[in-house]
Amino acid sequence: MKLSSGTQITSVLKCPITIQQRLGGGGQGVVYKIMYNGEEKALKVYKPGALHDRPAFASNLQHNMEQGAPSPAFVWPLDVVDLPDGTLGYVMNLIPTDEFAELSEMFLPVSRGGKRFSSFKAAVDAMLNITTAFRILHNRGYSYQDLNDGNFFINPKNGQVLICDNDNVAPNGTHTGIMGTPRFMAPEIILGRGRVLPNTASDRFSLSVILFMMLTMAHPLEGKRFLAPLLTPEKQEILYGKEPIFVMDQQDVRNRPVPELQQNLLMIYPKLPGYVHQAFERAFSQEVLQNPGRRVTEAEWQELLIRLRNEFVTCAHCGGETCLGDAGAKKCEDCAKSLPIDMTIRASGCDYSIPAASGTRLFRRHLGVCNIDAGLDPVGTIKRSRTDPHRRFFVNTSGRSATLLNGGTPTGTLQPDDKAEIRPGMEIRFSGGQIRFE
Amino acid sequence: MKITDMREGMAQKELHIFYLLDTSGSMGGAPIASLNDAMRDTVNAMGDIRAKADLKLGIMTYDTEARWVTGGQNNLENVDDFVWNDVEAGGMTFLGEALGLLKAGLSRNTMMASETGNNVPIIIFMTDGMPNDNWEAALKEIRENKWYQAATKIGIALGESADVKVLSELVGDPEAILRTNDLQQFKKLLRVVSVTSTLVGSRSTVTTNGQTGADIVRAVEEKVEDKDFDDDDLV
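Keep in mind that this is a model prediction, so the values were computed, not measured.

### A look at the pattern of salt bridges
In step 1: One pass over the structure, following the stated rule, counts 36 salt bridges over all chains.
In step 2: Among the ionic pairs, Arg143 of chain B bridges to Glu169 of chain B, the shortest N-O distance being 3.3 Å. In this pair, Arg143 of chain B sits in the loop between α3 (135–142) and α4 (146–150) while Glu169 of chain B sits in helix α5 (residues 164–171), placing the two residues 26 residues apart along the sequence.
In step 3: Each of Arg112 of chain A together with Glu14, Asp54 and Lys56 of chain B takes part in salt bridges that share partners, so that together they form one network.

### Description of the interface of chain A and chain B
In step 1: In this complex, chain A contributes 69 residues to the contact, which on the side of chain B involves 41 residues.
In step 2: Approximately 4,400 Å² of surface area, both sides summed, lies buried where chain A meets chain B, with 56% of it carried by carbon and sulfur atoms.
In step 3: Per-residue buried area on chain A facing chain B is highest for Pro229, Leu230 and Leu261 of chain A; these three make up 13% of the total on that side.
In step 4: Counting across the interface, chain A meets chain B through 15 residue pairs in polar contact (both at pLDDT 80 or more).
In step 5: Of all the secondary structure elements, the ones that give two or more residues to the side of chain A that touches chain B are β2 (16–25), α2 (120–139), α3 (187–192), α4 (200–216), β12 (230–231), α6 (263–268) and β14 (321–323) of chain A.
In step 6: If you tally residues by element for the side of chain A that touches chain B, the top one is α6 of chain A, at four residues.
In step 7: When the residues that make up the side of chain A that touches chain B are grouped by side-chain class, the tally is 32 nonpolar, 21 polar and 16 charged.

### Overview of the side chain of Asn118 of chain B
In step 1: Here Asn118 of chain B is to be found in strand β5 (residues 118–119).
In step 2: Within the structure, the side chain of Asn118 of chain B is placed 3.3 Å from the side chain of His16 of chain B, a separation counted as a polar contact.
In step 3: Looking at Asn118 of chain B, its side chain comes within polar contact range of the main-chain oxygen of Met112 of chain B, at 3.1 Å.
In step 4: Beyond its immediate sequence surroundings of up to four residues, Asn118 of chain B is in contact with Ala228, Pro229, Leu230 and Leu231 of chain A together with Lys13, Glu14, His16, Met112 and Trp147 of chain B.

### So, the sheet that holds strand β10 (residues 161–163) of chain A
All names here are of chain A.
In step 1: Within the open sheet, the three strands sit side by side as β7-β9-β10. Their pairing is antiparallel. Every other strand in the sheet has two partners, leaving β7 (101–102) and β10 as the edge strands with one partner each.
In step 2: Looking at chain direction, β7 and strand β9 (residues 152–154) are connected through two bridges and run antiparallel. Among the inter-strand pairings, Glu102 is bridged to a residue of β9, identified as Phe153.
In step 3: This element, α2, spans β9 and β10 of the sheet and lies at about 40° to β10.

### Brief notes about the pairing of strand β18 (residues 378–384) of chain A
Residues and elements named next belong to chain A.
In step 1: As paired strands, strand β17 (residues 361–363) and β18 are joined by three bridges and run antiparallel to one another. Residue pairing in the sheet places Leu362 in a bridge with Gly380 of β18.
In step 2: Examined bridge by bridge, β18 and strand β19 (residues 392–396) share five bridges and lie antiparallel to one another. Paired with Gly380 across the two strands is Asn396, which belongs to β19.

### With respect to the confidence of the model for chain B
In step 1: Chain-level pLDDT for chain B is 90 on average; 92% of the residues reach the 70-or-more range.
In step 2: Of the two predicted TM-score estimates for the complex, the pTM is 0.91 and the ipTM is 0.85.

### A look at the nonpolar core
In step 1: Within the largest apolar cluster, 101 residues are counted, with the highest numbers of intra-cluster contacts made by Phe152, Met214, Trp301, Phe394, Ile428, Ile435 and Phe437 of chain A.
In step 2: Of the residues forming this core, the biggest block, 11 residues, is contributed by α2 of chain A.
In step 3: Those residues in contact with Phe152 of chain A, other than ones at most four positions away along the chain, are Ala101, Glu102, Leu103, Ile130, Phe134, Leu147, Val161, Leu162, Ile163 and Ile210 of chain A.
In step 4: Formed by 39 residues, the second largest nonpolar core is a distinct cluster that contains Ile32, Ile154, Leu158 and Ile216 of chain B.

### Notes on the packing of α2 of chain A against helix α9 (residues 298–309) of chain A
All names here are of chain A.
In step 1: At their nearest, the axes of α2 and α9 sit 9 Å apart, and the two run at 155° to each other. Classed by the angle they form, the pair α2 and α9 counts as roughly antiparallel. Crossing angle aside, the handedness with which α2 passes α9 is left-handed. Of the residues in α9, those touching α2 at Lys121, Val124, Asp125, Met127, Leu128, Thr131, Thr132, Phe134, Arg135 and His138 are Glu298, Ala299, Trp301, Gln302, Leu305, Ile306, Leu308 and Arg309.
In step 2: When its residues are assigned to classes, the contact of α2 with α9 shows nine nonpolar, four polar and five charged.

Conventions we followed
- Residues numbered from 1 in each chain as written.
- Chains lettered and ligands numbered in written order.
- Predicted model: local features only at pLDDT ≥ 70, side-chain atom pairs only at ≥ 80, totals over all residues.
- Heavy atoms only, no water.
- Salt bridge = Lys/Arg side-chain N within 4 Å of Asp/Glu carboxyl O.
- Helix = DSSP H or I, 4+ residues; strand = E, 2+ residues; numbered from the N terminus.
- Contact = heavy atoms within 4.5 Å.
- Buried area = accessible area lost by both parts, 1.4 Å probe.
- Polar contact = N/O pair within 3.5 Å; in protein donor to acceptor, adjacent residues only side chain to side chain.
- Nonpolar A, V, L, I, M, F, W, Y, C, P; charged D, E, K, R; others polar.
- Pairing = 2+ DSSP bridges.
- Axes fitted to C-alpha atoms, helices over the stretch in contact; angles between N-to-C directions.
- pLDDT = per-residue confidence, 0-100.
- Core = buried A, V, L, I, M, F, W, Y, C linked by side-chain atoms within 4.5 Å.
- Buried < 20%, exposed > 50% of the residue type's maximum accessible area, 1.4 Å probe, protein only.
- Parallel < 35°, antiparallel > 145°, perpendicular 65-115°, else oblique.
- Left-handed = near helix turned anticlockwise from the far one by under 90°.

Next up, the structure:
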């Protein structure tokens, strides 16, 4: 059916749809802006012939719609259009492109329109949001099958994430026809030549690549060997499939970064804490590259990122960020003034201390084991006084009242959104666990 | 440190897309006007796509002689900097000259010089006729060139007099040729084949190997025949 402006159709859920404007076309179909139930939404319509098994695709789409979005990060099918003339499509939310940028834009040079996160903390927040979304998706038994830097829209200010192109999301093990995107495909998919299908384990390889790229602005397998004068398909197969070598591999130095061309990676990587190095070294070790079942899981990345985000401390004087790292830096690496990290937080759910610096956030996971969906539920934030940067406060963002204690004795209640000035010895008890300032 | 100090982008390969465009006398009149329109549209369309490679154009026209119309360093220009200026038709079809000039460019000392290295280059041949010189000797020579061997080569045959056999020899595969007798269709083909071949390495794929010129030609034919395909749909 020709869907020109003003065309009216009815969805599977019997909602009236009015086509407003064509937003763009892709290989598989066309996206329109529509009025749906009085709200502006987007409608993706597939071209006839674009789907290799239409009935199976339509039933998967309908099933996904009925199940609902795994988390609000997914731009998920809200309703389906399935017309007698063969027109098939689905309704989804519009992406606010004034606030969100495609992830691939974050990797371009600034001179060519590249965007940047507002801070490393915001970058880690975005990594955390992506990881959490995929943890929930995989936990539901789905695999995404085509993770790449074109699927994610990111708010560079706060790290909020929207995940698009969910039409290939299917129960783990289903063949949708898509094998993935070059540079993000797992070695076993490349070497399987169509016999090995994308699944949760190959999703995890692609996720590790994306996380590394977001933090370092470099691809984990693209070092010296990537810079060959001509990258033929045969060389690509070696680089990403037959013989992938991590650029920061401790033993094998054949694919090291090239200083003139990979400055970002060489600037940030040495400043990251040892546990981050270890995680990437493991994710891209020969053992894990060759054994899909041993890939680093979303749960492991989530633990690591929750810890890492609070280790980026912003200097109150110059605005530079310092990663505290293994040495536990005490001074701003840009202006050498002391950082406001004289206090740390011990939380009941983790075995490390958390810097009590302005911008530190505590999540439900810090308090102890919890449901997958609740791991990133906020518990509290540290804020500094506007007039005196040395005075810091804990703001209760958990949505519930918490108990203030001193030496185990209750001293008061902290209502939701209320704040308390922090000092060593102060304890706060929440329903799922407690924290102590030291 | 500040994340905003990371001004450089991720290391990207360069992707060179070469055009060898026949501007001999037989292209005079409507065909050359269409070629001028088509190249202008193509350059604009290429500027709009977000290719995940550093895209460079090398455009050559040939008739009784061959010359690069792209200026800049080594006759390569960034898509964003290049403006197509109309060319005129006239003279003979000296394909051998064109191949000789291309061969001189396909070297690490000339047009393929790059810090980050290159993706497999794309070469698009367009002709409406048959060559008048000793092109076979030139083809024999350029076939020895490694860049030429690796390149994704696609031919566009415009009009009934276009020598499809010669194009097949150039691109090495009769299925890697697009044919049309219609000037409107030709404009669309040139634009769509340019954008499609440029994006091949960075899009979701149903295969795990690279794509040949023939694969791209099939994809372009499908798009152009699709009635729902709008002129705005580039990919």
